[in-house]
Amino acid sequence: MGVCFSGDVKGGKQAIGGVQCRPNMNNNTGHNDAVDYFFRYRGQCPLFTQIELSISASNLRDLDITSKSDPMAILYVKKRDGTLEELGRTEVILNCLNPAWIEKINVAYQFEIIQNLVFHVYDVDTKYHNIPVKALKLNEQDFLGETTCVLSEIVTKRNQSLTLNLHSKNEPGGFKNFGTLTVHAEETFSSRMAIEMKIHCSQLDNKEMFSKSDPFLRISKLTENGNSVPICKTEVINNNLNPVWRPLYLSMQQFGSKDNPLLIECFDFNNNGNHVLIGRLQKSVSELEKLHKDGSGANLVFPSHRGQEKVLKGQLFVNQFIEKDQFSFLDYISSGFELNFMVSIDFTASNGNPQNRDSLHYIDPSGQLNSYQQAIMEVGEVIQFYDSDKRFPAWGFGGRTYDGTLSHCFNLNGMNAYEVEGVQGIMAAYASALHNVTLAGPTLFSHVINKAAQMAGQATSNDVTKYFVLLIITDGVLTDIQETMDALVRASDLPLSILIVGVGDADFKQMEILDADDGHRLESSTDRVATRDIVQFVPMREVHGGQISVVQALLEELPSQFLTYMRSRNIKPRHA
């Protein structure tokens, strides 16, 4: 299945991820390097999904003497430093202890971040009823209660609604009845309609001297002022003047209207990023649909220095044009699909003796987390909300286990059962294993990847709502690189993504090959090519001191990998 954009900024060949839209629009696919770069270059906001929250409350306290309370709700997000940033306020509802506010509050949902929400409810004094709610001074109103939750807790509910108990400030465990608050979330978008197209070109001009061009298409939306915004890109077809690309998808959020003009450019790929224009044309989605219906092609043109365009022999054809509903990541999650978290930890001797302070496995009595613990906590705390039973398979590799046997996939808790309870269960099993497992080696990934793939494979026949996420934390250089590549190529057909965190100062060039962000899809020893990219690698040393956390760097591509798999299998959300 084709996907939309490759890392053009990085000079990569492979089309990765879907396309994310502007912050004020629905992000119904995944991460897109080109669009992200386009907006970041202009100093605009990062990309996310807009969520609209509806709020209601029941059995609020009545603080008025001659009437009932006049409640208003306020939503805050708690930032990393603990401060509260106000996101919005509802209207005031008069004389009501069971309000259902009409005013919605928009929140930018980001999968890879834990977003702590804080709700405050106030009784607005009668004398302030003619003042706009944004101008109300909260210290002049009566406090009715507060509550907190994580945004992920709301969006993972089947009906995307969560009911919380209100309590007094700083007393979440109090027994006094302050009533309840219910929050309902909905994605904001204008249409689910998307276009799937198969495009090919014929008789392209050759821009190479000793071989043929390596063509790819870039599709951009034209704005009213004549600028172009990249929205989609095909993969690169090597050494071919008659390329046939994998299907690509355009959502209504991207092209706006079927009559809006699109700029379609064909480039000859160069590794240095200086791609050479082969030709271009301008067509709307409606005109592309007509090309398909008529079975005709459209000639590419090449701009000249005098502002005129030279009509080229090369033509563009639309082999397939299908309108379909395109479901979002949250459509799947809110209908009961889950991310099943698994973790595997490197117990090879290169980590150093865990008893020594310079060991990567050293557990500081002061409570400061080592790199392994940090990766487990940061990733686990995000993904746990998407796993209903919160029972996580946890393995180790490269160590001698309790009976002295060298193992490259052993249960971290030392028992027959491989699952542990929650993120804290992983942390406890890891700490215990450091006392009972002897660090050894070598560093092999294939065993644990095959184990995870086996579990994912079993789920494909029993439960299509499960998608698996394996976190591998390692310090070393692989000694089974080919076996690992073979395992990853096989696993690319399964509902599985693999996150790799590199700790320490080792050379992680091998991991970057596995990540395939340079555009070269993995190939097995039998020349089979991976059907999709399922690996994301982050070296911990590049994250420390930066603005982005381990979890953000690791998880930003996970929703698009999830969607790529579901769409390639035509798996739809429940009740869709």
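What you see is a predicted model; the values in this text were computed from it and never measured.

### A closer look at the overall build of the protein chain
Each helix and strand in the protein chain was counted, giving 13 helices and 28 strands. When each of the 576 residues of the protein chain is scored for burial, the buried share is 57%. Taking all contacts inside the protein chain whose residues are at least 6 apart in sequence as the whole, residues at least 24 apart take part in 71%. Summed over all atoms, the accessible surface of the protein chain reaches about 25200 Å², with 47% contributed by carbon and sulfur.

### A word on the nonpolar core
One finds F329, L339, F347 and L555 to be the most contacted residues of the largest nonpolar core, which totals 84 residues. Listed in part, the 33 residues of the second largest apolar core include F397, I449, F468 and V489.

### Some thoughts on the packing of aromatic side chains
For the coordinates displayed, the defined rule picks out 18 aromatic pairs. Centroid distance F111 to Y386: 5.1 Å. Interplanar angle 55°. Geometry classified as tilted. One end of the pair, F111, is in the loop between β6 (105-109) and β7 (116-123); the other, Y386, is in the loop between α6 (371-383) and β20 (391-397), and 275 residues separate them in sequence. Accessibility assignment for this pair places F111 and Y386 in one class, buried. Chaining the aromatic ring pairs together yields one cluster made of F111, F329, Y332, F337, Y386, Y467, F562 and Y565. Of note, K169 hangs over the ring of F143, and the distance from its end group to the ring centre comes to 4.9 Å.

### Some thoughts on the sheet that holds β7
Ordered in space as β5-β4-β7-β8, the four strands form an open sheet in which the pairing is antiparallel. Two strands lie at the open edges of the sheet, namely β5 (84-89) and β8 (142-150), each paired on one side alone. Mean inter-strand twist for the sheet, computed between neighbouring axes without regard to direction, equals 25°. By the bridge criterion, eight bridges tie β7 to β8 in an arrangement that is antiparallel. Paired with H120 across the bridge in β8 is E146.

### Details of the environment of R567
Within the element layout of this structure, R567 appears in helix α13 (residues 558-568). Relative accessible area serves as the criterion here: at 18%, R567 is assigned to the buried category. Separated by 240 residues in sequence, R567 and F327 have C-alpha atoms that sit 8.8 Å apart.

About the criteria used
Residues numbered from 1 in each chain as written. Predicted model: local features only at pLDDT ≥ 70, side-chain atom pairs only at ≥ 80, totals over all residues. Heavy atoms only, no water. Helix = DSSP H or I, 4+ residues; strand = E, 2+ residues; numbered from the N terminus. Buried < 20%, exposed > 50% of the residue type's maximum accessible area, 1.4 Å probe, protein only. Contact = heavy atoms within 4.5 Å. Areas by Shrake-Rupley, 256 points an atom, 1.4 Å probe, with all protein chains shown as cover. Core = buried A, V, L, I, M, F, W, Y, C linked by side-chain atoms within 4.5 Å. Phe/Tyr/Trp six-rings, centres within 6.5 Å; stacked < 30°, edge-to-face > 60°. Lys NZ or Arg CZ within 6 Å of the ring centre and 35° of its normal. Pairing = 2+ DSSP bridges. Axes fitted to C-alpha atoms, helices over the stretch in contact; angles between N-to-C directions.

Any functional reading would require information that these geometric values do not contain.
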